[in-house]
Amino acid sequence: MKQIFVIGIGAGDPDQLTLQAVRAIGRTEVFFLLDKGEEKADLVALREEILRRHAVRPHRVVVARDPERDRERTTPGYAKAVDDWRRRRADIYERLIAGELPDDGCGAFLVWGDPALYDSTLGILEEVHGRGSAAFEWTVVPGVSSVSSLAAKHRTGLNQVGRPVQITTGRRLADGGLPDGVDDVVVMLDAHQTFGRFTGQGLEIYWGAYLGTPDEILLSGPLDDALAQRISDVRARARARKGWIMDTYLLRRGVPK
């Protein structure tokens with residue numbers, strides 16, 4: 001039976017790999033990487049560095065081109081665009097597992113952050129498995145997410161004492177606003193700096209980009225117009241310089257004493 005590892009590799013720092021992840025990498029003979037284009041070559045380079053450090057047995061690296069995704073769809077068409085993209089990704093995964101891995105082989109996908117948090121790999125593998133074209137089992141190895149890394153870098157917790165924390169996306173925050181009864185909201189996948197809509201409401205923001213990498217940027221403080229503009233400016237310059245950006249932030253409102 002083919003074996004697949006889905007390995008969380010952390011938010012960007014190779015030292016964030018867990019011992020479980022290192023052991024899984026050491027057992028793998030075929031690594032599947034998706035190429036997201038020259039602009040995001042850093043993401044492939046990080047995975048290659050991890051393999052140089054920890055892939056102790058003879059292995060192959062199989063690279064496939066990641067399908068383009070329509071990121072400009074408005075909310076009503078967003079789900080359809082994601083479904084289409086996931087199907088095309090599933091076609092690639094199916095081809096890789098069926099054609100590049102021997103029947104008793106061990107392959108792996110190296111997933112940025114943690115595979116359980118806003119990542120499509122697990123859902124796509126379930127779809128491929130359901131198609132029945134390639135028999136395989138898969139094991140998930142958790143990783144350090146950008147959420148955990150953000151809190152650590154800012155030396156803060158994700159929640160206040162006895163209070164809930166919610167993790168959401170920029171799209172959901174823009175559509176629904178700050179949730180009632182939640183004082184700490186972690187926002188991921190926000191291409192439009194939605195935090196700028198919430199200035200002057202007594203919130204704090206803890207923002208980070210390229211967490212765990214040499215290009216890491218951290219900003220925090222009361223969310224007023226000046227800080228919101230500064231984050232947007234810094235973000236725009238960083239994205240122009242590198243061609244891509246990964247950022248995450250925590251919005252916090254104080255609990256009345």
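Preceding block: the structure.
Caption draft 1: Molecular detail of the pattern of salt bridges. All chains considered together, the criterion is met by 15 salt bridges. Put simply, E49 and R53 hold a salt bridge, and the shortest N to O gap is 3.0 Å. Here E49 and its partner R53 are both found in helix α2 (residues 41-54), four residues apart, which amounts to about one turn of the helix. Here R53 falls in the partly exposed class, since its relative accessible area comes to 42%.

Caption draft 2: Focus on the packing of helix α1 (residues 19-27) against α2. For the pair α1 and α2, interaxial distance at closest approach is 10 Å and the crossing angle is 80°. Our classification of the angle between α1 and α2 gives roughly perpendicular. Where α1 abuts α2, its residues V22, I25 and G26 lie against I50, L51 and H54. Residues that form the contact of α1 with α2 fall into these classes: four nonpolar, two polar and no charged.

Caption draft 3: Geometry of the sheet that holds strand β2 (residues 30-35). Sheet architecture is open: five strands sit in the order β3-β2-β4-β1-β5, paired in parallel fashion. Both edges of this open sheet fall to β3 (60-65) and β5 (136-141), since each of them pairs with a single strand only. Strand-to-strand twist across the sheet, computed as the mean angle between neighbouring axes with direction ignored, equals 25°. As paired strands, strand β1 (residues 2-8) and β5 are joined by six bridges and run parallel to one another. Its bridge partner being in β5, I4 is matched across the sheet by W138.

Caption draft 4: Local environment of a nonpolar patch on the surface. On the surface, Y118, I167 and L189 cluster together into a nonpolar patch covering about 290 Å² of accessible area. Within the fold, L189 resides in the loop between β7 (184-188) and β8 (203-209).

Caption draft 5: Expanded view of the sheet that holds β8. The five strands are arranged β6-β7-β10-β8-β9 in an open sheet whose pairing can be described as mixed. At either margin of the open sheet sits one strand with a lone partner, and together these are β6 (165-169) and β9 (217-222). When the angles between neighbouring strand axes are averaged without regard to direction, this sheet yields 15°. Both β7 and strand β10 (residues 247-253) contribute to a ladder of four bridges, which runs antiparallel. Bridging across to β10, D184 finds its partner in R252. Docked against the sheet, helix α5 (residues 146-153) engages β6, β7, β8, β9 and β10, running at close to 60° with respect to β10. Each of β8, β9 and β10 touches helix α7 (residues 225-242); the most contacted strand, β9, lies at about 170° to it.

Caption draft 6: Looking closely at helix α4 (residues 121-131). Within the span of α4, buried status applies to T121, L122, I124, L125 and V128. On an axial view of α4, the arc spanned by its buried residues comes to 160°, and they lie on one face. Opposite the buried face of α4, by more than 90 degrees, sit the exposed residues E126 and G130. Positive backbone phi, approximately 80°, marks G132, located one or two places after α4.

Caption draft 7: Inspection of the nonpolar core at higher detail. I7, I25, I205 and W207 are the most contacted members of the largest nonpolar core, which totals 44 residues. Apart from residues lying up to four places away in sequence, I7 is in contact with A21, A24, I25, A108, F109, L110, V111, P115 and V141.

Caption draft 8: Quick look at the packing of aromatic side chains. Evaluation of the coordinates by the stated rule reveals five aromatic pairs. Centre to centre, the rings of F136 and W138 are 5.5 Å apart; their planes meet at 50°, and the pair counts as tilted. Classification of F136 by relative accessible area gives buried; the value is 2%. Among the residues examined, W138 registers a relative accessible area of 28% and is labelled partly exposed. Relative to W244, the ring of Y210 lies with its centre 5.2 Å away and its plane at 90°, an arrangement referred to as edge-to-face. Of this pair, Y210 sits in the loop between β8 and β9 while W244 sits in the loop between α7 and β10, and the two are 34 residues apart along the sequence. Here Y210 matches W244 in class, with each residue buried.

Conventions used here
All chains use their own residue numbering, which begins from 1 and follows the written sequence. In view of the model being predicted, local features appear only for residues whose pLDDT reaches at least 70, and side-chain atom pairs are presented and counted only at 80 or more, with totals across whole chains, interfaces and linings using the full set of residues. Calculation of side-chain values draws on the structure's entire complement of heavy atoms; hydrogens and water are dropped beforehand. We define a salt bridge as a contact between a side-chain nitrogen of Lys or Arg and a carboxyl oxygen of Asp or Glu at a distance within 4 Å. In this text, helices come from DSSP runs of H or I with a minimum length of four residues, and strands from runs of E with a minimum of two, each type numbered from the N-terminal end. Only protein chains enter the accessibility calculation, which uses a 1.4 Å probe. A residue is then buried if its area is under 20% of the maximum for its type, exposed if over 50%, and partly exposed in between. For helices, the fitted axis covers only the stretch in contact; all axes are lines through C-alpha atoms, and the angles between them, taken along N-to-C directions, range from 0 to 180 degrees. Roughly parallel means an angle under 35 degrees; roughly antiparallel, over 145; roughly perpendicular, 65 to 115; everything else is oblique. Any pair of residues with heavy atoms lying within 4.5 Å of one another is described as a contacting pair. Three classes are used, and their members are as follows: Ala, Val, Leu, Ile, Met, Phe, Trp, Tyr, Cys and Pro are nonpolar, Asp, Glu, Lys and Arg are charged, and the others, Gly among them, are polar. Pairing between strands is defined by DSSP: at least two bridges between the two strands are required. Candidate patch residues must exceed 30% relative accessible area and have no salt bridge, after which like charges are joined if within 9 Å and Val, Leu, Ile, Met, Phe, Trp or Tyr side chains if within 5 Å. We get accessible surface area from the Shrake-Rupley algorithm with a probe of 1.4 Å; when it comes to residues, only the shown protein chains can shield them. Starting at the helix axis, one direction is taken to each C-beta atom, and the arc is that of these directions. Buried residues of nine kinds, namely Ala, Val, Leu, Ile, Met, Phe, Trp, Tyr and Cys, make up a nonpolar core once their side-chain atoms join them within 4.5 Å. Within 6.5 Å between ring centres, the rings of Phe, Tyr and Trp (the latter by its six-membered ring) count as paired, and their orientation is classed by plane angle as stacked under 30 degrees, edge-to-face over 60, tilted in between.

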